[in-house]
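Fold and geometry: a report
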Amino acid sequence: MDTAHARKPGEAGPAIGTRIPRRELSRLLHGAGRYVDDIKLPRMLHLAFVRSPYPHARIKSIDVEEARQCAGVEAVLTGADINHMCKPLHGVALHRPGHRAAMQPLMATERAVWQGQTVAAVVAQSRAQAEDAAELIDIDWDELPAIVNAEMAIDRGNPAIHSELDDNIAFDFSIDNGDVAKAFKDAAVVVEEELRFERQVALTLEPRGLIADFNTGDGSLTVIHSHQSPFQMQEVFSHHFGIAEHKVRVQAPDIGGGFGMKLNLYAEELAVVASSIHLGRPIKFCADRLESFLTDAHARDHNIKARMAVSADGRITAMEVDDVGAVGAYGMQMRFNVAEGMMAITVSGAPYNFDDYKARTRSVYVNKNLVGMYRGVGLPLACIVTELLVDRAAAALKKDPVEFRKQNYRGKSMLPCVTPGGQRLETVSFHECLDKLTELMDYGKLRSEQETFRRKGILRGVGIATFLEQTAYGPPYYGPSGASISTQDGCTLRLEPSGSIRCVTSITDQGQGTLTGIAQVVADTVGVNYEDVGLVSGDSAISPYGGGAWASRGMAIGGEAALKAGRLLKQNILDLASAITQTPAANLDISNGQVINLQTGMQILSLAEVARIGYFRQDTLPPAFDVQLSVSRSFVANSQICYLANGVQGCHVEIDQDTGFIKVLGQWAADDCGRIINPLLVDEQVRGGIAQGIGAVLFEECLYSPEGYLQNGTMVDYLVPMAGDLPDIQVVHVETPEASTELGAKGVGEAGLIGAMGAVWVAVNDALAPLGAKIQHQPFTPERVLDAIARARN
Amino acid sequence: MKASNIGYTRPRSLTQAFEILAENDAAVPLAGGQSLMVALNMRLSAPQLVVDIGELEELSQFSCVGDTVVLGALTRHRQILESELLREKVPLLPKAAAHIAHAGIRNRGTLGGSLAYADPSAELPACAVALGATIVIGSLQGTREIKAETFFKGLFETDLQAGELILGVKIPVIVASTSIAFAELARRQGDFAIAGVTAVATMAQAQIKSAQFVYFGCTDFPRPANRVAAAVMGLKSPLAAGAELDTAVGQDINPSDTAGMRGDTKRHLATVLTRRALDQLFGSEARDV
């Protein structure tokens, strides 16, 4: 669904606001993509890992002799061989006082603390040979009892996974604003929920992978890395291996999906680099699907208790949230696995106008794979907790859930404001989004149909979920964390001699289409056609320093940097054109790649001609004229913690009460991500996120045995929705431009997922309401639905 | 995820295939490869020799002789799904094939492979038992025939001996007085069934005279559900089935707990599907699919 776009004067151009498909699509669809596993370097070797089969076990001995004798094997390496080459990982966030984590070695040596942790690496001529040899490595294990869930981790009667920490609590943080106890005492209605979220994986189409290439000749390191942030990894490799930063280059080629998972720091990837330094050869490691399930950063694994107080006249007066997240066996360096819990408690309740708020989050260590960044991080948890309570409260007061929300939202007249969880709301648009959404989904009709179906014994549910998306985290967030994470991004623009533009951006793209959006901004800002802008990205050696892709920052930060670079290049071009034509630059403009005279409207010079003179006929210019046709600009808002986007989603479901199967009949989104650069790609971001959100609530689950063993590790038994499992998804927009930037864009990468998870949770519970049943355990498998119905009947 | 260094051979004739299998105790036949290739790549299986029978013409017959449909072992799931002949003569098979995985898998996966592998959630083994099919088996020693209901012996376990190959399946043509049913629950379209049932019933005056119910996805291997068959005997309407039908389901199948689903949930789902199958038996004309 398209929307009209109000463009700022002087910025009107054909590219921004246009539905342009991703620029790399044709290349990828022709099979001409260049992913890590497509790349072969001379003298390159392949690495396969031996991993702990146990959640927790002592390593009594490792015998690698037989493996060393195998055909094609160049080396068999254990932690004893390479751990000393690299500073240990330490996933502690300095901006979270009290956060503790143990030091993590490259590979386990005496003890493995999760199933999948690496213990040895075989480097061979081919991956198959490396796997052959890996099977022959003989490890004598002594299995130890494992801490397998949050309850066990919190119980101080259980041993600490890392004795240096003396218990399994990583982080314990509380918020206490206002008089919550009094608010609950005075409340007319108190509603409560106790929710469980199982673990998920990101499931990128292309698994993680890298080629580490240490050059023994000059001591330089090049890493071709399926990673969202080449600059982050340049700093990590430089720091951990003691290689001067200018000798480290990280290149991100085509990447088949990141979803935040490829932002994390993996000890096993550092082990690949260590192996390359050790052997002086390029070494490739690409995780296979089973390895991806075991060791790609996991997400969720939370238990949340929450309650909400409401007055007799229907005002939400207070909220209380208690979250526990089981984050795995170590802290996640650079990105910190306390983030899910922190987001969950700082954003819960934020759309609603109340002041009394109390919350606590604890992150605890368990003998499981590390939790890390994943699309939405803790924001879906905040959305679900809040919106489920809001629906319960509306039901308790016999109010329509839409009217109840409208009554309690923080409206435009209250802005700007700071929520008791600490969110500064400035340009949010809850009422506007909800009005658009209810019209789009024909809310009234769905409710009346629901009544008709209920009378026939058919369970249909309607869910509304309001959400906030914290996009483009800035310096106030990451700066004090101690991690060298750049929240700025940069753009270099060069006028090519033929009059086209080459753009080098520090933003990376894993399939979102951000680079297409950046090219659109550049095209309109300079005044050239979109097709005349070339894009280079993903190389830490050539672009201005920057972050890359995370927290939906590409357009908000990278787009603004491109706008600033475009402005500068345009001015330089006009200055040169002015010198050539002896016309004041103020009277000139650029449109469609032509310099035009604003007074006559005539095209007076092509950019090709400007460039020809600028590059090859400087002799015709005044002696002091300074030709600058390559420019760089970086952008970051020093004091801005994030750009807060928002929206409301609706979901319509039907439940088969005999089988527990849930069918999503419809999904709608009214989204406000500020100014929209490319409506096609924004809509597809929202739709893709919604698909992932529906998957999270209905399908996705890492299935663990009671002893802590992961039981599913293939795409046959870890379910994600396929096209046939998804409804038609309709997307509309409210555009409230970000006030602090010229471009006005906010992020949109996570909105679809956050809102969808909330809406599906609410809709399914709404459908079950006539039976008096509640479902509080994600994913909503048929068994959990049937159990919920059975509990209500008994 | 690379297969071990295994041997591979592609015999040019059935006789040559039998000779190779007779000489190599550890040889494994490869037909459509939709189960074996996965097991090889995940190193769950590392046979010394894979014998690729996927191109043998002798195993590709597809015909109707008198009252019997004869399907070669290499009949692809897609052929079953799209066959006009089967739609007319054995409509249960195309009805079931619609539930088998996805197009790419149906293009390659074979009937013989599905029967030989005996996956407890597979559709075709259950249909073979319900339809009273006969499985034709060959080896260097000659051919033998065995009824489907005695062919399946346990979880991934059949009567197939070393050196033997399934040559094909003989299936009696469905007659006018026969009613069929097929119902399964899969989490997503094309997934393995978490519970399924197929039924073939002889009807007279809209009453069940005799019936064969076979479960899959919620039992170790396909076999006649005799107590369910007895419980539905003489029924004149699906609504006439009482609680004793659910009890019979519980006696005929005893699903074990699997990752993510308890056995009692599967049993419940099987009772739901049994009633849906009954609806189909009564709701459809004998030849209607």
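Residues numbered from 1 in each chain as written. Chains lettered and ligands numbered in written order. Predicted model: local features only at pLDDT ≥ 70, side-chain atom pairs only at ≥ 80, totals over all residues. Heavy atoms only, no water.

1. Description of the environment of Leu185(B)
With respect to the secondary-structure elements, Leu185(B) resides in strand β11 (residues 178–185). Along the sequence, Leu185(B) and Leu273(B) sit 88 residues apart, while their C-alpha atoms lie 8.2 Å from each other. Beyond its immediate chain neighbours, meaning those up to four positions away, Leu185(B) contacts Thr659(A), Phe661(A), Phe192(B), Ala193(B), Ile194(B), Ala195(B), Leu269(B) and Leu273(B). (Helix = DSSP H or I, 4+ residues; strand = E, 2+ residues; numbered from the N terminus. Contact = heavy atoms within 4.5 Å.)

2. Quick notes on the sheet that holds strand β30 (residues 729–733) of chain A
Residues and elements named next belong to chain A. With mixed pairing, the four strands of this open sheet are ordered in space as β20-β28-β29-β30. Each end of this open sheet is capped by a strand with a single partner; those strands are β20 (459–471) and β30. Averaged over neighbouring strand pairs, the angle between their axes works out to 15° when direction is ignored. Where β20 lies against strand β28 (residues 643–655), 13 bridges are found, and the strand directions are antiparallel. When the sheet's bridge partners are listed, Gly461 is paired in β28 with Val653. (Pairing = 2+ DSSP bridges. Axes fitted to C-alpha atoms, helices over the stretch in contact; angles between N-to-C directions.)

3. A closer look at the pattern of salt bridges
Taken as a whole and assessed by the stated rule, the structure comprises 69 salt bridges over all chains. For Lys445(A), the salt bridge identified is with Glu449(A), shortest N-O distance 3.5 Å. With Lys445(A) and Glu449(A) both in helix α14 (residues 443–455) and four residues apart, the pair spans about one turn of that helix. Assessed through its relative accessible area of 46%, Lys445(A) is described here as partly exposed. You can call Glu449(A) partly exposed: its relative accessible area is 25%. Across the salt bridge formed by Arg494(A) and Glu496(A), the nearest N and O atoms sit 3.0 Å from each other. A relative accessible area of 36% means that Arg494(A) is categorised as partly exposed. Accessibility expressed as a relative area gives 13% for Glu496(A), which makes it buried. Within this structure, Arg51(A), Arg127(A), Glu131(A), Asp132(A), Glu135(A), Arg208(A), Glu268(A), Glu269(A), Asp288(A), Glu291(A), Asp296(A) and Arg43(B) form a network of salt bridges that share partners. (Salt bridge = Lys/Arg side-chain N within 4 Å of Asp/Glu carboxyl O. Buried < 20%, exposed > 50% of the residue type's maximum accessible area, 1.4 Å probe, protein only.)

4. Re the interface of chain A and chain B
The partner chain B presents 24 residues to the 30 residues of chain A that form the contact. Carbon and sulfur atoms supply 57% of the area buried between chain A and chain B, which totals about 2,300 Å² over both sides. Counting every contact that joins chain A to chain B gives seven salt bridges. A salt bridge links Arg43(B) to Glu135(A), with the nearest nitrogen and oxygen atoms 3.3 Å apart. Taken together, chain A and chain B are joined by 15 residue pairs in polar contact (both at pLDDT 80 or more). (Buried area = accessible area lost by both parts, 1.4 Å probe. Polar contact = N/O pair within 3.5 Å; in protein donor to acceptor, adjacent residues only side chain to side chain.)

5. A look at the domain arrangement of chain B
All names here are of chain B. Looking at chain B, the domain boundaries give domain 1 (7–51), domain 2 (58–172) and domain 3 (178–283). Relative to domain 2, the C-alpha centre of domain 1 lies at a distance of 19 Å. Counting residues at the interface gives 13 residues for domain 1, matched by 16 residues for domain 2. Here domain 1 packs against domain 2, burying approximately 1,100 Å² in sum over the two surfaces, 75% of which is carbon and sulfur. Applying the counting criterion to the domain 1 and domain 2 interface returns one residue pair in polar contact (both at pLDDT 80 or more). Counting residues per element, the side of domain 1 that touches domain 2 draws most heavily on helix α1 (residues 14–23), at seven residues. Class assignment for the residues of the side of domain 1 that touches domain 2 results in seven nonpolar, five polar and one charged. (Domains from an automatic or database assignment. Nonpolar A, V, L, I, M, F, W, Y, C, P; charged D, E, K, R; others polar.)

6. A word on unusual backbone geometry
It is generally the case that most residues other than glycine have a negative phi and that most peptide bonds are trans. Cis rather than trans, the peptide bond between Leu415(A) and Pro416(A) has omega equal to -5°. The backbone of Ala551(A) sits at a positive phi, close to 50°, despite the residue not being glycine. Phi at Ala101(B) is positive, roughly 45°, even though this residue is not glycine. Looking at the secondary structure, you find Ala101(B) in the loop between α5 (92–97) and α6 (103–108).

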